[in-house]
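Structural features, examined
One-letter residues, chain by chain:
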Amino acid sequence: LDYTINVDAQGSGPAIDRAMYGVFFEDINRAADGGLYAELVQNRSFEYLPVDNRSDTGLTSWSAVSSSGGSGTVATVNDDARLNERNRTYLKLTLNNAGAGTYGVLNSGYNTGIAIEAGKTYDFSVWARTDAAGGTSLTVTLRNQAGTTYAAPVQLAAQGDTWRRYTGTFVATGTTDAARLAVEAGGDGTLRLDMVSLLPRDTFKGRPNGLRKDLAEKIAALRPGFVRFPGGCIVNTGSMYGYDAASGYQRARAYQWKDTIGPVEERATNANFWGYNQSYGLGYYEYFQFAEDIGAKPVPVVPALVTGCGQNRAVDDEALLQRHIQDTLDLIEFANGPVTSTWGAKRAAMGHPAPFGLDRIEVGNEENLPDAFMARFVKFRDAIAAKYPDIIVISNSGPDDMGTTFDRAWELNRANGVEMVDEHYYNDPSWFLQNNKRYDSYDRSGAKVWLGEYASWDNKLSNALAEGAYLTGLERNADVVTMASYAPLLANIDYVQWRPDLIWFDNDQSWGSANYEVQKLFMTNVGDQVVPSTSSGAVKEPEPVTGAVGLSTWRTAARYDDVAVTSADGTTLFSDDLSNGADRWTPIAGRGVWSVVDGAYVQSDTGAENTMVEAGDESWRDYDLSVKATKLSG
Ligand code: AHR
């Protein structure tokens, strides 16, 4: 290898923004509930429904339990006795205990259970009402399946048939990743419970209703310049189903920030695009607070009433559009407005009188109906500019399909004088190596680029190196590419809808991928200015594709939990449990590496179906799919 790099130490290239590298947080792979949000009780408000996931009910992760001969019945109910209009379902216990008997419910948390660490403090709370004249005694325990306890029990006395919040504290005497939380009641009568919560006191920065410390610390260690939230596909896709003026309250709707602030018991829940219930315990206030805590700019993404993510439909409802535009103006007031303003006062009431310093906002996510999207985007942009002229309003280019949609989106972004455009792409490592010069030819006087989502298709060292090489191309073009964020950020190993991911975790451990280490290297060493350099010499080219393995079949099994790729001769190349209980999975044409078999990547080819696999069809489906093997070189 004879290779020379010439550095022009006196030359000056583009300045690099301190906020160039950030993180993209989306509630995918249970990144929020069961992940970054520190709540340990799953389905704490009994709001899970089959619309969230077909196997869900109000009792998901709950089971009945009794002690000392206690008995009763348990059901979830949605009626006029509900806690409030947004928290609609509650737990109804009909008690029939004799003597010292108790009856109640047991929560199994996430993954293997509830993670408890000896010596740490845990805050328990529950909303309750009872029709027993003398009140109802509650015994709350942290225990394992066999009944061994991990802390002294919490004893409470519920009084009266109106909703009241009761609290208690555990100090753990043991360590486990498989505890259960049991809430048992004595006596007779009807006891109603809601919002059964257990939060570690030791959250990131000690924030109440806070974030899981190890995960937040791993994100903070990246020193992100910005935090993009709350997604991704979850932002807008719900809007396809979500608006029903008649009911006024509906599941599976777009992510609407007003659903996510205020007291947690008054926040809505939603059917997450990725196939599970989403509590909004981690909501907009917490996102802003987290960004501030780690010294990052907050960058929210609001729905634009057009959906990408395989659905490709636009909502034609001007009144709804105007409401979303107003919601977006209100969001800016929530973030930055004085405490005397309507929404600034709500921020102050939640504990943050000072503004959060929002200076940019994204409208829409990865829209692949460019004309429909732009027609809506300009209305958002113009309304925001009229009231908040200093806020940067970010558009997007749709997914980079290297074809008409992407090109049309850019044409429209340019024609409408858009200030910044969010690009997304996922590809194999060789693509990242071959496209280092992508931005060398971008228009220097046009829109700035935010590479809001990108990754090469795996978490191997070779992927991380390819991404690192690519980042040098972004930095060289820092006058055009002003922001970049790898995606997705987090994955709970037992609830995976998408891989690769930057940080992986279960209920008590977390670890960064090789890709994380590369991100950290760049993010914690952001330069001030590019120093021009040239290189010369012979470079070893990556080895080429070694050939196709033949026409194959991709099959989804019942509930789409399993996928298998078989070669033409019937050999199974790989099979995988893809979604671990999620309802949907999106096969996307040409989107890369799925697995590694005998030193080769098995990769989807562009002939694959590009179809959303909808919940509701439990039969096997065959798709003709060409797979090819790419030899791993080096
Ligand atoms: O990062 C995962 C998904 O990829 C995002 O939700 C979406 O924007 C993109 O298609």
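Here the residue index of a chain counts from 1 through its sequence in written order. Selection of residues for local features in this predicted model requires a pLDDT of at least 70, selection of side-chain atom pairs for listing and counting requires 80 or more, and totals for whole chains, interfaces and linings are taken over all residues.

Looking now at the overall build of the chain. Of the regular secondary structure elements, the chain holds 12 helices and 34 strands. Excluding contacts between residues fewer than 6 apart, the proportion of contacts in the chain whose partners are at least 24 apart in sequence is 73%. Runs of H or I in DSSP of at least four residues are treated as helices and runs of E of at least two as strands, each being numbered from the N terminus. Contact criterion: two residues are in contact if their C-beta atoms, reconstructed from the backbone, are within 7 Å.

Every residue gets a pLDDT, meaning the predictor's confidence in that residue, from 0 to 100. When pLDDT is averaged across the chain, the result is 85; 81% of the residues are at 70 or more. A low-confidence stretch, residues 543–564 stays under pLDDT 50, and its non-local contacts, those more than four residues away or across chains, total 63 contacts. Throughout residues 574–634 the model reports pLDDT below 50, and contacts reaching past four residues in sequence, or to other chains, amount to 142 contacts. With pTM at 0.86, the complex prediction returns an ipTM value of 0.99.

So, about the pairing of strand E6 (residues 102–107). Whether a residue is buried, exposed or partly exposed is read from the other C-beta atoms within 10 Å of its own C-beta, which are placed from the backbone; 20 or more gives buried, 12 or fewer gives exposed, and intermediate counts give partly exposed. For E6, the tally of buried residues reaches 5 of 6 residues, placing the bulk of the element in the interior. As defined by bridge partners, strand E3 (residues 62–67) adjoins E6 across 6 bridges and the pair is classed as antiparallel. From the neighbouring strand, Ala 64 faces E6, where its bridge partner is Val 105. Strands were regarded as paired on the criterion that DSSP finds at least two bridges between them. As paired strands, E6 and strand E12 (residues 176–186) are joined by 6 bridges and run antiparallel to one another. Residue Leu 106 lies in a different strand from E12, and its bridge partner there is Ala 182.

Further remarks concern the environment of Asn 236. For Asn 236, the location among the structural elements is in helix H3 (residues 233–236). For Asn 236, the contacting residues outside a window of four places in its chain are Ala 254, Pro 303, Ala 304, Val 306, Thr 307, Gly 364 and Asn 365.

Here the focus is helix H5 (residues 284–293). A large share of H5 lies buried, amounting to 8 of its 10 residues. By the burial criterion, the buried members of H5 are Tyr 284, Tyr 285, Glu 286, Tyr 287, Phe 288, Gln 289, Phe 290 and Ala 291. Here the buried face of H5 lies against helix H2 (213–220), strand E14 (226–229), strand E17 (297–302) and helix H6 (318–336). Residue Gly 295 follows H5 closely and has a positive phi angle near 70 degrees.

The local shell around the ligand holds 13 residues, among which Gly 232, Cys 233, Glu 366, Ala 487 and Pro 488 are the closest. Residues are grouped as follows: Ala, Val, Leu, Ile, Met, Phe, Trp, Tyr, Cys and Pro are nonpolar; Asp, Glu, Lys and Arg are charged; all remaining types, including Gly, are polar. Here the shell around the ligand is built from residues that sort into 6 nonpolar, 4 polar and 3 charged. Being near a molecule or strand means, for a residue, that its C-beta atom, positioned from the backbone, comes within 6 Å of it.

In this structure, Leu 433 sits in helix H10 (residues 429–434). When the 17 C-beta atoms within 10 Å are taken as the criterion, Leu 433 is described as partly exposed. Distance from Leu 433 to Glu 362, taken between C-alpha atoms, is 29 Å for residues 71 residues apart in sequence.

Spatially, 5 strands are ordered E4-E5-E13-E8-E11 in an open sheet, and the strand pairing comes out antiparallel. Strand pairing shows two members of the sheet lacking a second neighbour, strand E4 (72–77) and strand E11 (164–171), which therefore form its edges. Across the sheet, the mean angle separating the axes of adjacent strands is 30 degrees when strand polarity is ignored. The sheet contact formed by strand E5 (residues 90–96) and strand E13 (residues 188–200) spans 6 bridges and is antiparallel. Directly across from Lys 92, in E13, lies its bridge partner Arg 192. Every axis in this analysis is a line fitted to C-alpha atoms, fitted for helices over the stretch in contact. Angles between the N-to-C directions lie between 0 and 180 degrees.

Looking now at the packing of helix H8 (residues 370–387) against helix H9 (residues 404–415). With their axes 9 Å apart at the nearest point, H8 and H9 run at an angle of 25 degrees to one another. Judged by the angle between their axes, H8 and H9 are roughly parallel. For the crossing formed where H8 meets H9, the hand is right-handed. On H9, the residues that touch Pro 370, Asp 371 and Met 374 of H8 are Thr 405, Arg 408, Ala 409 and Leu 412. Its residues assigned to classes, the contact of H8 with H9 shows 4 nonpolar, 1 polar and 2 charged. We call two directions roughly parallel when the angle between them is under 35 degrees, roughly antiparallel when it is over 145, roughly perpendicular when it lies between 65 and 115, and oblique otherwise. For any helix crossing, the convention is left-handed if the near helix is rotated counterclockwise from the far helix by under a right angle, and right-handed if that rotation is clockwise.

It is worth spelling out the sheet that holds E17 at this point. The strand order E2-E14-E17-E20-E21-E22-E23-E24 describes an open sheet built from 8 strands, whose pairing is parallel. Looking at the sheet topology across the chains shown, the edges are occupied by strand E2 (23–24) and strand E24 (481–484). Bridge count for E2 against E14 is 2 bridges, and the pairing is parallel. In the sheet register, Val 23 faces E14, and the bridge partner there is Val 227. Along the sheet, H8 contacts strand E20 (360–363) and strand E21 (392–399); its crossing angle with E21, the most-contacted strand, is approximately 170 degrees.

Right, let's talk about the environment of Gly 281 for a bit. Relative to the helices and strands, Gly 281 resides in the loop between strand E16 (277–278) and H5. Residue Gly 281 is classed as buried on the basis of its C-beta count, with 22 C-beta atoms lying within 10 Å. Expressed as a C-alpha distance, the spacing of Gly 281 and Ile 261, which sit 20 residues apart in the sequence, is 8.5 Å.

H8 packs onto H6 with a crossing angle of 40 degrees between their chain directions and a minimal axis gap of 10 Å. Relative to H8, the element H6 is oriented oblique. Note that H6 runs across H8; the crossing there is right-handed. Where H6 approaches H8, its residues Leu 321, Ile 325, Thr 328 and Leu 329 are matched on the opposing element by Arg 376, Lys 379, Phe 380, Ala 383, Ile 384 and Lys 387. Here the residues of the contact of H6 with H8 sort into 6 nonpolar, 1 polar and 3 charged.

We define a nonpolar core as a collection of buried residues of the types Ala, Val, Leu, Ile, Met, Phe, Trp, Tyr and Cys that are connected via C-beta atoms lying within 7 Å of each other. With 139 residues, the main nonpolar core has Leu 36, Val 183, Leu 193, Val 227 and Leu 489 as its most contacted residues. Those domain boundaries reflect an automatic or database domain assignment. Summarising the domain contributions, this core has at least three residues from each of domain 1 (23–35 + 204–306 + 398–407 + 418–532) and domain 2 (39–200). Setting aside chain neighbours within four positions, we find Val 227 in contact with Gly 22, Val 23, Phe 25, Tyr 287, Phe 290, Ala 291, Ala 296, Pro 298 and Val 299.

Another point: unusual backbone geometry. Gly 231 connects to Gly 232 through a cis peptide bond whose omega is 20 degrees. Considering the arrangement of structural elements, one finds Gly 232 in the loop between E14 and H3. Along the chain, Arg 499 connects to Pro 500 via a cis peptide bond; the corresponding omega equals 10 degrees. Secondary-structure assignment places Pro 500 in the loop between strand E25 (490–492) and strand E26 (503–505). Within the chain, Asn 29 stands out as a residue other than glycine whose phi angle is a positive 55 degrees. Look at Ser 61: it is not a glycine, yet its phi comes out positive at around 70 degrees.

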